[in-house]
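Here's the letter readout for the chains.
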Amino acid sequence: MGLGGCIILIAVGAILTFATDWNMEGVNLDLVGVILMIVGLIGVTTFSSIARRRRVVMPPTAPVVEEEGRHHRRDGYSDGYGV
């Protein structure tokens, strides 16, 4: 169950607990709503702890710049003289 499913459980539990006044014989909807909210909260905490452990922070690496073109030879011709 992902984070969205946990949030839906919390929302449905809150609706059953606080926004309904139905009376079903043999079922306490307030208790069902509280149980759904607790299960949703446990799911959110579990999901966030697993997601936090999976996240690995790596320091950014500087790009390596290699100079091409001029090679430093000291034979008199590489500086542009004697061409």
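Coordinates for the structure precede this section.
Residues numbered from 1 in each chain as written. Predicted model: local features only at pLDDT ≥ 70, side-chain atom pairs only at ≥ 80, totals over all residues. Heavy atoms only, no water.

### Points about the overall build of the chain
What counts here: In DSSP terms, a helix is any run of H or I states spanning at least four residues, a strand is any run of E spanning at least two, and both are numbered starting from the N terminus. To sort residues, take the accessible area from a 1.4 Å probe on protein chains only and compare it with the maximum for the residue type: under 20% means buried, over 50% means exposed, and anything in between is partly exposed. In what follows, residue pairs with any heavy atoms lying within 4.5 Å of each other are defined as contacts. For the area figures, the Shrake-Rupley method with a 1.4 Å probe applies, and any residue is considered shielded solely by the protein chains shown.
Helix and strand counts for the chain come out as two helices and zero strands. Classification of the 83 residues of the chain by burial places 13% in the buried group. Looking at the chain alone, contacts between residues at least 24 apart form 49% of all its contacts between residues at least 6 apart. If you sum the accessible surface of the chain, you get close to 7,500 Å²; carbon and sulfur atoms cover 63% of it.

### A word on the environment of G5
You can see G5 is positioned in helix α1 (residues 3-19). Sequence separation between G5 and G40 is 35 residues, and the spatial gap between their C-alpha atoms is 7.9 Å.

### Quick notes on a nonpolar patch on the surface
What counts is decided by this rule: Patch criteria: residues need more than 30% relative accessible area and no salt bridge. Like-charged residues are merged within 9 Å; nonpolar side chains of Val, Leu, Ile, Met, Phe, Trp and Tyr are merged within 5 Å. Take a side-chain nitrogen of Lys or Arg and a carboxyl oxygen of Asp or Glu: if they are within 4 Å of each other, that pair is a salt bridge.
A cluster of nonpolar side chains, namely M24, V27 and V32, defines an oily patch on the protein surface of about 220 Å² accessible area. Its place among the elements puts V27 in the loop between α1 and α2 (29-54).

### Concerning α1
Applied cut-off: Working rule for helices: expected span equals 1.5 Å times residues minus one. The directions from the helix axis to the C-beta atoms are what the arc is built from.
With 17 residues, α1 ought to run about 24 Å at 1.5 Å a step, and its terminal C-alpha atoms sit 23 Å apart, in line with that. Of the residues making up α1, those classed as buried are C6, L9, G13, L16 and T17. Viewed along the axis of α1, the buried residues span an arc of 95°, placing them on a single side of the element. Summarising the geometry of α1, the exposed residues directed more than 90 degrees from the buried face are I8, F18 and A19.

### Some remarks on the side chain of T20
Using the following cut-off: Two N or O atoms form a polar contact when they lie within 3.5 Å of each other; inside protein one atom must be a possible hydrogen donor and the other a possible acceptor, and for residues adjacent in sequence the pair counts only when both atoms belong to side chains.
Within the element layout of this structure, T20 appears in the loop between α1 and α2. At 2.8 Å, the side chain of T20 forms a polar contact with the backbone oxygen of L16.

### A short note on the side chain of T17
Examined against the element boundaries, T17 turns out to sit in helix α1. The class of T17 is buried, set by a relative accessible area of 15%. In this structure the side chain of T17 is engaged in a polar contact, spanning 2.8 Å, whose partner is the backbone oxygen of G13. In this structure, T17 is in contact with D30, G33, V34 and M37, ignoring residues within four places of it in sequence.

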